[in-house]
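Spelled out, the chains give:
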Amino acid sequence: MKNPDSRLKREQKTLEAMIKIYCESKHRLPNGQLCEDCGRVLGYAAGKTAACPLKDTKTTCKRCHVHCYSPDMREKVREIMRHSGPKMALRHPVLSFFHVLDSLKSPKR
Ligand code: SF4
Ligand SMILES: [Zn+2]
């Protein structure tokens with residue numbers, strides 16, 4: 001049986017990796033630190049993932065019918081995904097592979 005906690009942890013790692021790639025190229029803080037805004041986005045998104053009502057039956061947030069994010073956070077995360085998505089396959093091939101698999105799941109209603 002699948003473990004929903006490991007699925008959510010992996011999703012949080014993927015989010016963190018994408019936000020780091022974005023912040024690194026847009027805000028350029030030293031030593032891989034996240035800027036305050038990106039740290040806020042990560043905290044928000046991680047909280048939503050941890051509290052996701054769909055757990056292991058979920059597809060990716062992008063394809064979700066619930067959309068628990070506020071409109072401004074949803075737009076911010078979209079911007080981050082647009083920037084970091086294409087770079088993920090090279091930087092984090094395993095996370096990227098599972099993210100693609102997750103996105104192929106049909107959204108549950
Ligand atoms: S957008 Fe949907 S899949 Fe993503 S955390 Fe919210 S409820 Fe869960
Ligand atoms: Zn940043």
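Further up the page is the structure itself.
Given the structure is predicted, the values throughout are model-derived calculations rather than measurements.

> Just give me the short version of the site of ligand 1, but keep the residues and values in it.
As a structural note, the neighbourhood of ligand 1 is formed by Lys 48, Cys 52, Pro 53, Lys 58, Cys 61, Cys 64, Val 66, His 67 and Cys 68. Considering only residue class, the shell around ligand 1 consists of 6 nonpolar, 1 polar and 2 charged.

> How would you summarise the coordination of the zinc ion (ligand 2) if you had to cite specific residues and measurements?
Within the protein, Cys 23 (SG), His 27 (ND1), Cys 35 (SG) and Cys 38 (SG) serve as the donor atoms for the zinc ion (ligand 2), at 2.0 to 2.3 Å. One can describe the site at the zinc ion (ligand 2) as tetrahedral: its 4 donor atoms subtend angles covering 104 to 117° at the metal. Each donor residue of the zinc ion (ligand 2) lies on the same chain, and together they follow the pattern C-x3-H-x7-C-x2-C.

> Could you give me a rundown of the side chain of Thr 60, with the residues and numbers involved?
Examined against the element boundaries, Thr 60 turns out to sit in the loop between α2 (36-50) and α3 (71-91). Aside from chain neighbours lying at most four places away, what touches Thr 60 is His 99, Asp 102 and Ser 103.

> Can you explain the environment of Thr 57? Please cite residues and give values.
With respect to the helices and strands, Thr 57 occurs in the loop between α2 and α3. As for Thr 57 and Arg 7, which are separated by 50 residues in sequence, their C-alpha atoms are 9.7 Å apart.

> Go over the nonpolar core, please, and point to the residues and values.
Within soluble globular proteins, side chains that are nonpolar tend to cluster in buried spots. Grouped together as the largest cluster of nonpolar side chains are 18 residues, with contacts concentrated most on Ile 19, Cys 38, Val 41, Tyr 69, Ile 80 and Met 88. Contributions of two or more residues to this core are made by α1 (4-26), α2 and α3. Among the elements that make up this core, the one with the highest residue count is α1 (7 residues). Leave out the neighbours within four places in its chain, and Val 41 touches Ile 19, Met 73, Lys 76, Val 77 and Ile 80.

Rules and cut-offs
- Residues numbered from 1 in each chain as written.
- Chains lettered and ligands numbered in written order.
- Predicted model: local features only at pLDDT ≥ 70, side-chain atom pairs only at ≥ 80, totals over all residues.
- Heavy atoms only, no water.
- Near = heavy atom within 4 Å.
- Nonpolar A, V, L, I, M, F, W, Y, C, P; charged D, E, K, R; others polar.
- Donors = N, O, S within 2.8 Å, 3.2 Å for Na, K, Ca; no water.
- Tetrahedral: all angles 85-135°; square planar, octahedral: opposite > 155°, others 65-115°.
- Helix = DSSP H or I, 4+ residues; strand = E, 2+ residues; numbered from the N terminus.
- Contact = heavy atoms within 4.5 Å.
- Core = buried A, V, L, I, M, F, W, Y, C linked by side-chain atoms within 4.5 Å.
- Buried < 20%, exposed > 50% of the residue type's maximum accessible area, 1.4 Å probe, protein only.

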